[in-house]
Amino acid sequence: MSFVPLTDLLKEAVQGKYAVGAFNCNNMEIVQAIIGAAEAEKAPVIVQASQGAIKYAGINYIVGLTRLAAESASVPVALHLDHGTSFDQVMQCIRSGFSSVMFDGSKLPVEENINITNQVLAAARPVGVSVEAELGKIGGTEDDITVDERDAMLTDPDEAKYFVSKTGVDALAVAIGTAHGIYKGEPKLDFARLTNIRSLVDTPIVLHGSSGVPDEAIKEAVTRGVSKINIDTNIREAFTGRCREVMAQKPEEIDPRKILGPAREAAMDIIREKIRLFGSSGKA
Ligand code: 13P
């Protein structure tokens, strides 16, 4: 199958009350692990690449590797740009064959975010590419912030309603207390805020920074209307953790396949686990 737009996958997820996993890739083994896991679970899946991954692997490798894997897969696959921060980056991905893009204007004043998101939509819609936007600030791991500061960073439900009415984006990433990377303590999600946002906007909602969020909290977020869940850190941990194990056990090993092969399996195991947790197993 060629890539499907995000909207197709999220529409079914909203109806079926489950979330589609969006997994970050940056090399061949991780692309294979993501699509292998989705096939094994008979689940729709989103392969996503950040600007950093595109810089590392090269955009044509990201598209080429994912397309090869998707074409021989029996499950629907979307290829999505994660956190594109410029119009140029988004355009490059659309031209290169991505079926979905995120324009992250969350650091901009809201009117500027709306303005550029609308430019992205005008370019993406005619060619059938979906668009995700972000409102509110999803923290990094270094954030040492007070409750008031935290509140100011989280997505304002009324602003979300306004933003969606002015743009009509296909998916909206919200800040409800998660952060990218490894958590220092247990993340506390603001579920009341999520429910409030959900009641004000029809757009599918995206949860970023989902590695390290307890399983029960993930389930609660899905119940309250999250339809796309992003996972990167857990894959990195599984992949590099297994590389370290193999190299510690066999310090004389020089065959990359003997190191990266087991790492690919470890990545696939954690991705399968997440797919089951999100409720998308068996939905393809
Ligand atoms: P984690 O690294 O916390 O899994 O977050 C991934 C993400 O949200 C990518 O946009």
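Our subject is the structure that appears above.
What this report covers is the structure whose coordinates are included nearby. (Residues numbered from 1 in each chain as written. Predicted model: local features only at pLDDT ≥ 70, side-chain atom pairs only at ≥ 80, totals over all residues. Heavy atoms only, no water.)

Re the nonpolar core
Alright, step 1. Of all hydrophobic cores here, the largest spans 80 residues; its most connected members are F23, F98, V101 and I271.
Alright, step 2. Of all the elements, helix 12 (residues 256-278) adds the most residues to this core, at 9 residues.
Alright, step 3. Discounting residues that sit within four places of it in the chain, F98 has contacts with A49, I54, I59, I62, V63, L79, H80, L81, C93 and V129.
Alright, step 4. Core analysis: the next-biggest nonpolar cluster, separate from the first, contains 14 residues, L10, A13, I46 and A173 among them. (Core = buried A, V, L, I, M, F, W, Y, C linked by side-chain atoms within 4.5 Å. Buried < 20%, exposed > 50% of the residue type's maximum accessible area, 1.4 Å probe, protein only. Helix = DSSP H or I, 4+ residues; strand = E, 2+ residues; numbered from the N terminus. Contact = heavy atoms within 4.5 Å.)

Comments concerning the site of the ligand
Alright, step 1. Within the structure, the ligand sits among 14 residues, and D82, G209, S211, D232 and T233 are positioned closest to it.
Alright, step 2. The separation between an oxygen atom of the ligand and a polar side-chain atom of S211 is 2.5 Å.
Alright, step 3. The side chain of N230 places a nitrogen or oxygen atom 3.2 Å from an oxygen atom of the ligand.
Alright, step 4. Protein burial of the ligand: of its 310 Å² of free accessible surface, 96% is covered by the chains. (Near = heavy atom within 4 Å. Polar contact = N/O pair within 3.5 Å; in protein donor to acceptor, adjacent residues only side chain to side chain. Areas by Shrake-Rupley, 256 points an atom, 1.4 Å probe, with all protein chains shown as cover.)

Digging into the packing of helix 2 (residues 28-41) against helix 4 (residues 59-71)
Alright, step 1. In contact at an axis separation of 10 Å, helix 2 and helix 4 are set at 30 degrees when each is read in the N-to-C sense. Relative to helix 4, the element helix 2 is oriented roughly parallel. As helix 2 runs across helix 4, the sense of the crossing is right-handed. Taken together, the residues of helix 4 that come into contact with helix 2 (itself represented by M28, V31 and I35) are L65, T66, A69 and A70. (Axes fitted to C-alpha atoms, helices over the stretch in contact; angles between N-to-C directions. Parallel < 35°, antiparallel > 145°, perpendicular 65-115°, else oblique. Left-handed = near helix turned anticlockwise from the far one by under 90°.)

What to know about the pattern of salt bridges
Alright, step 1. Across all of its chains, the model carries 12 salt bridges by this definition.
Alright, step 2. A salt bridge links D232 to R236, with the nearest nitrogen and oxygen atoms 3.1 Å apart.
Alright, step 3. R236 gets classed as partly exposed once you look at its relative accessible area, which sits at 47%.
Alright, step 4. With a shortest N-O distance of 3.8 Å, D255 and K258 are connected by a salt bridge. (Salt bridge = Lys/Arg side-chain N within 4 Å of Asp/Glu carboxyl O.)

Notes on the pairing of strand 2 (residues 45-50)
Alright, step 1. The element strand 2 is largely enclosed, with a buried count of 5 among its 6 residues.
Alright, step 2. For strand 1 (residues 20-24) and strand 2, the ladder comprises 3 bridges, and the chain directions are parallel. Within strand 2, the residue paired with A22 across the bridge is I46.
Alright, step 3. With helix 2 bridging strand 1 and the parallel strand 2, this β-α-β connection has right-handed handedness.
Alright, step 4. Where strand 2 lies against strand 3 (residues 77-84), 6 bridges are found, and the strand directions are parallel. Among the inter-strand pairings, V47 is bridged to a residue of strand 3, identified as L79. (Pairing = 2+ DSSP bridges. Right-handed = clockwise from strand over helix to strand, strands pointing away.)

What about the packing of aromatic side chains?
Alright, step 1. In the structure shown here, the tally under the stated rule is 1 aromatic pair.
Alright, step 2. Their ring planes at 15 degrees and their centres at 6.4 Å tell us that F23 and F278 sit as a pair that is stacked. Of this pair, F23 sits in strand 1 while F278 sits in helix 12; the two residues are 255 residues apart in sequence, bridging distant segments of the chain.
Alright, step 3. The exposure class of F23 is buried, given its relative accessible area of 0%.
Alright, step 4. Accessibility expressed as a relative area gives 1% for F278, which makes it buried. (Phe/Tyr/Trp six-rings, centres within 6.5 Å; stacked < 30°, edge-to-face > 60°.)

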